[in-house]
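Descriptive analysis of the structure
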Amino acid sequence: MRFSRLSIACLTILFAAQSQAQSEETTWNTCKSPEFLPLFQPLDAGPKLDPLTLPTDITANAFNIQKQDESVFEGDVELQRGPDWLGTETLRYNHTQQTYRTDGLVRFQNRALRMTAQSAQGDTKADTIELTGLQYQFHESNANGTAEKVSVHGPESRLNQANFSTCPNDHKDWQFAADEITINSETKKGVARNAQLKIGKVPVFWLPYLQFPTDSARASGLLAPTIGQDSLNGLEIALPYYFNIAPNYDATLTPRYLSQRGFMLESQFRYLSDINKGEFNATYLPDDDIRGDDRYLLEWTHFTGMNRSWYFASDLNHGSDVNYFSDFGNSISETSTALLKSELGFYGRGKYWNLELSAANWEIANPTQAPGSEPYRRLPRLAVSGIKPFFPWLEIGLNAEAVAFSHDQLDDGNRLDVEPYVKMPFKGAFWYATPSLSWRQTEYWLTDGSGSAQGDSRLSRGLTIFSIDAGASFERAIAFADQSFIQTLEPRLFYLNVPYRNQDGIPVFDTQSLTFMWPSLFRENRYGGADRQTDANQLTTALTTRFLDADNGKERMNFSIGRITYFDAPKVTLPGEAPLPGDGSDWVVEANVRLSDQWQIGLTQHWDPSTKKTDLSSLRGYWSMANGTKVNASYRYSADFAEQTDLAFVIPINADWRALGRWTYSLRDQQNLESMLGFEWKSCCLALRVFGRKYIRSFDSRENLGIFIELELNGVGQIGSKPELFEENGILAY
């Protein structure tokens, strides 16, 4: 008898674990009694050798060879080859017919699983084996199951009336069952017929035919469906099918039914080579039942690595209409999309330099955006930057950019911006001072939409930029609240001098004011883009103190305060922009406190001394409790723009139930922006989640109400859907 054939027969039921898509993020409860088959032998902890290369040892209480053509092993028969072990009461082998059979229970164990069978018989000449009354369980998980009969013929194995589950044998919350499962060890594929998913004893999913891989390699086949309901699109059902085209190519086609709109087809194609990788996504909905038009979205991302210094990258997007994202977006970040950007380019980088040659285009993706309000196309843009240290105290660099701007409804133009600079970084053991001097020259060639020169077709601006950035760091040991800390004191000064140049006649192609935050105190320009260079005669004074845990170096607290003082009021502005206060900027205060890993609080405050009012305020906190409760709360205020609160939580109700939720509310508009509430029931092998979600669907404050249901099977994966926002940044540790 060939022990390898019996081992392979036992291993055929490994298809259940090898083809699973286990979710690693979920933490499952421990089953009270997961084992229904005990270990027959201590687990082999030795080196992992191929059992086929090892000898087979057979032991028995008696060995009968009285019959010329038959050998009989009787009483506690054991076959051992490396980690593979088989035990039975009686084993008979017919030398003439080359057949064998067992009398009594068959037990088998290897590194992966243990199993029992009521009987086993085989024909080594015909290369067949048959097991009846099979039970199996895996060592490292709760995966277990049964089969009435297992037949093996060459590379093909067949299981009749088989089932698989990760639940305890006496408490099957779920199980997969099939009338027949066929597995081919050469093709590494299996086929299940009349397959059912049962929750408890109730069938909830049925497929007459299901193909699956028996190893970790990708294989074509159906993926888990998703089901949802919202007030705009109605019932949504998606059933993806995965195509394993080649080792470096694959595709997914997803028919998606929306009861209020019709049938949509989603597709994804991915590719990978030594120097290329990319992904193409397309969705198409013919003759939308609500809007009456064909709807689609095309997306292509690509990367080519040419060598160590150069690569090509693209991110191209195109939508059918301005309502696409508000109609089909699955999160508030998607439904609030205003512009769709496409960009491609060649990029290079070296030790001292970076270069970019790119092109970019925008299209309006929301009906509230006026036609013609999209940014200028950059066709093309050439940007070069570099810096070279010549001495420890001398660095010379260059920032340069050349752009051709184009627009369908606005005048076109070309812009060249060049800024060579010199930096002198001086530093000591606890201090540093870096003076910097640059010359910024910007040239414009303007044309009207037809391409002809118009008005002042040539504009020029040149000016010097001088700054000094200086600071120091002091530290001392300190103790409070029964903890030892290292406290730092870090004063910093930043002086900036830029002469005034009247720039009112210069067009604004791509320039806008940068959001004023802590880094703004140390910038040489408060604008992003070359169309405006702020004038300045100003000094930033700032102070930061940090408290570092003396035992492990973790930063437990930091406090910062700073402000810009204007010696001359800045005069340069964008069209429609209010002038800055004459004496200085807001006071900026930032603080973060995290005395333990269980909670932290952060504060940002901008206070205007001229009006004695707050321009910006942000308060955020995170709490984690020993019972699993997690709370994330924040408050945001921006004068004349927004005032919002945000609360997210995970609260255990008992060992099996949790409540999860998020609520984002606009105090300024007295309107709900997004609210979610869900409940999760979870055993050691099954989880059910139900979420209700209400959020703003578009800029016109149209709301959408959605219901999400997700069923997760431990060891297999998820069926259904949950709000993507939970995975991104909504519920902590979910």
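Structure first, text after, so check above.
Before going into details, it helps to say that this report is about the structure given with it. (Residues numbered from 1 in each chain as written. Predicted model: local features only at pLDDT ≥ 70, side-chain atom pairs only at ≥ 80, totals over all residues. Heavy atoms only, no water.)

Quick word on the overall build of the protein chain
When helices and strands are counted, the protein chain shows 5 helices and 47 strands. By the burial criterion, 42% of the 734 residues in the protein chain qualify as buried. Relative to all contacts within the protein chain whose residues are 6 or more apart in sequence, the contacts with residues 24 or more apart total 48%. (Helix = DSSP H or I, 4+ residues; strand = E, 2+ residues; numbered from the N terminus. Buried < 20%, exposed > 50% of the residue type's maximum accessible area, 1.4 Å probe, protein only. Contact = heavy atoms within 4.5 Å.)

Regarding the state of the cysteines
Applying the stated criterion to the full structure yields 1 disulfide. Covalently, C167 is tied to C685 through a disulfide, its sulfur atoms 1.9 Å apart. Residues C167 and C685 are joined through a disulfide that is right-handed, its torsion about the S-S bond being 95°. Of this pair, C167 sits in the loop between β11 (156-165) and β12 (174-184) while C685 sits in the loop between β44 (671-682) and β45 (686-696), and the two are 518 residues apart along the sequence. (Disulfide = S-S within 2.5 Å.)

With respect to unusual backbone geometry
A cis amide bond links L379 to the next residue, P380, at an omega of -5°. By the secondary structure assignment, P380 is in strand β26 (residues 377-391). Positive phi, close to 50°, is recorded for D76, a residue that is not glycine. Within the element layout of this structure, D76 appears in strand β3 (residues 70-81). Here D76 falls in the partly exposed class, since its relative accessible area comes to 44%. Look at Q161: it is not a glycine, yet its phi comes out positive at around 50°. Structurally, Q161 can be placed in strand β11.

Description of the nonpolar core
One finds M115, L131, L134, V150, L159, W174 and I181 to be the most contacted residues of the largest nonpolar core, which totals 39 residues. F522, A536, I564 and Y566 belong to the second largest nonpolar core, which has 13 residues in total. (Core = buried A, V, L, I, M, F, W, Y, C linked by side-chain atoms within 4.5 Å.)

Re the pattern of salt bridges
Summed over all chains, the structure comprises 39 salt bridges. Measuring nitrogen to oxygen at the nearest pair gives 2.6 Å for the salt bridge that ties R261 to D288. With R261 in the loop between β19 (249-258) and β20 (262-272) and D288 in the loop between β21 (276-285) and β22 (295-305), this residue pair connects regions lying 27 residues apart in the sequence. When its relative accessible area of 1% is taken as the criterion, D288 is described as buried. When the shortest N-O distance is used, the salt bridge between R415 and D510 registers 2.9 Å. Note that R415 is positioned in strand β28 (residues 413-423) and D510 in the loop between β33 (483-498) and β34 (512-513), a separation of 95 residues in sequence. When salt bridges with common partners are traced through the structure, they connect R261, D288, R291, R295, D321 and D327 into a single cluster. (Salt bridge = Lys/Arg side-chain N within 4 Å of Asp/Glu carboxyl O.)

Observations concerning the side chain of T511
When you line up the elements, T511 lands in the loop between β33 and β34. The exposure class assigned to T511 is buried, which follows from its relative accessible area of 9%. Looking at T511, its side chain comes within polar contact range of the main-chain nitrogen of D531, at 3.0 Å. If near-sequence neighbours (up to four positions away) are discounted, T511 is found in contact with R415, Y527, G528, G529, A530, D531, R532 and L574. (Polar contact = N/O pair within 3.5 Å; in protein donor to acceptor, adjacent residues only side chain to side chain.)

Overview of a negative patch on the surface
Where like charges cluster on the molecular surface, the negative patch consists of D287, D289, D293 and D294. Within the secondary structure layout, D289 lies in the loop between β21 and β22. (Patch = residues over 30% accessible without salt bridge, like charges linked within 9 Å, V, L, I, M, F, W, Y side chains within 5 Å. Areas by Shrake-Rupley, 256 points an atom, 1.4 Å probe, with all protein chains shown as cover. Lys, Arg positive; Asp, Glu negative; His and termini not counted. Charge placed at Lys NZ, Arg CZ, Asp CG, Glu CD.)

What about the environment of I564?
Mapped onto the fold, I564 is located in strand β37 (residues 555-566). Take I564: its relative accessible area is 5%, and that puts it in the buried class. Residue contacts for I564: discarding those within four places in its chain leaves F516, S520, L521, Q538, L539, T540, D583, G584 and S585.

Overview of the pairing of strand β5 (residues 99-103)
Taking every second residue as pointing to the same face, the buried face of β5 carries Y100 and T102, while none of T99, R101 and D103 on the other face is buried. Pairing analysis gives 5 bridges linking strand β4 (residues 84-94) to β5, with the strands arranged antiparallel. When the bridges of β5 are listed, N94 appears paired with T99. Where β4 folds back on β5, the antiparallel hairpin that results is connected by 4 residues, among which Q98 adopts a positive phi of roughly 55°. Relative to strand β8 (residues 119-123), β5 runs antiparallel, the two being bridged by 3 bridges. Its bridge partner being in β8, T99 is matched across the sheet by D123. (Pairing = 2+ DSSP bridges.)

So, the packing of aromatic side chains
Under the counting rule described, the total for this entry stands at 27 aromatic pairs. Seen in terms of ring centroids, F485 and F547 are 6.4 Å apart; in terms of plane orientation they differ by 90°. Their pairing is edge-to-face. Placement of F485 in strand β33 and of F547 in strand β36 (residues 536-549) is noted, with a sequence separation of 62 residues between them. Across this residue pair, the class does not change: F485 and F547 are buried. Feature note: the residues Y376, F405, Y444 and F509 constitute an aromatic cluster, connected by ring pairs. Over the ring of F40 we find R107; its NZ or CZ atom is 6.0 Å from the centre of that ring. Across from the ring centre of F303, 5.9 Å away, lies the NZ or CZ of K277, which sits over that ring. (Phe/Tyr/Trp six-rings, centres within 6.5 Å; stacked < 30°, edge-to-face > 60°. Lys NZ or Arg CZ within 6 Å of the ring centre and 35° of its normal.)

Quick look at the pairing of strand β10 (residues 144-153)
The pairing of strand β9 (residues 128-138) with β10 spans 9 bridges and is classified as antiparallel. By the bridge assignment for β10, Q135 is matched with T146. Hairpin connection from β10 to β11: 2 residues lie between these consecutive antiparallel strands, with G154 at a positive phi of about 60°.

A few points about the environment of S438
Along the polypeptide, S438 turns up in strand β30 (residues 431-447). The exposure class of S438 is buried, given its relative accessible area of 4%. For the pair S438 and Y421, spaced 17 residues apart in sequence, the C-alpha separation works out to 4.0 Å. Leave out the neighbours within four places in its chain, and S438 touches E419, P420, Y421, L463, T464 and I465. Side-chain polar atoms of S438 contact the side chain of E419, separated by 3.0 Å.

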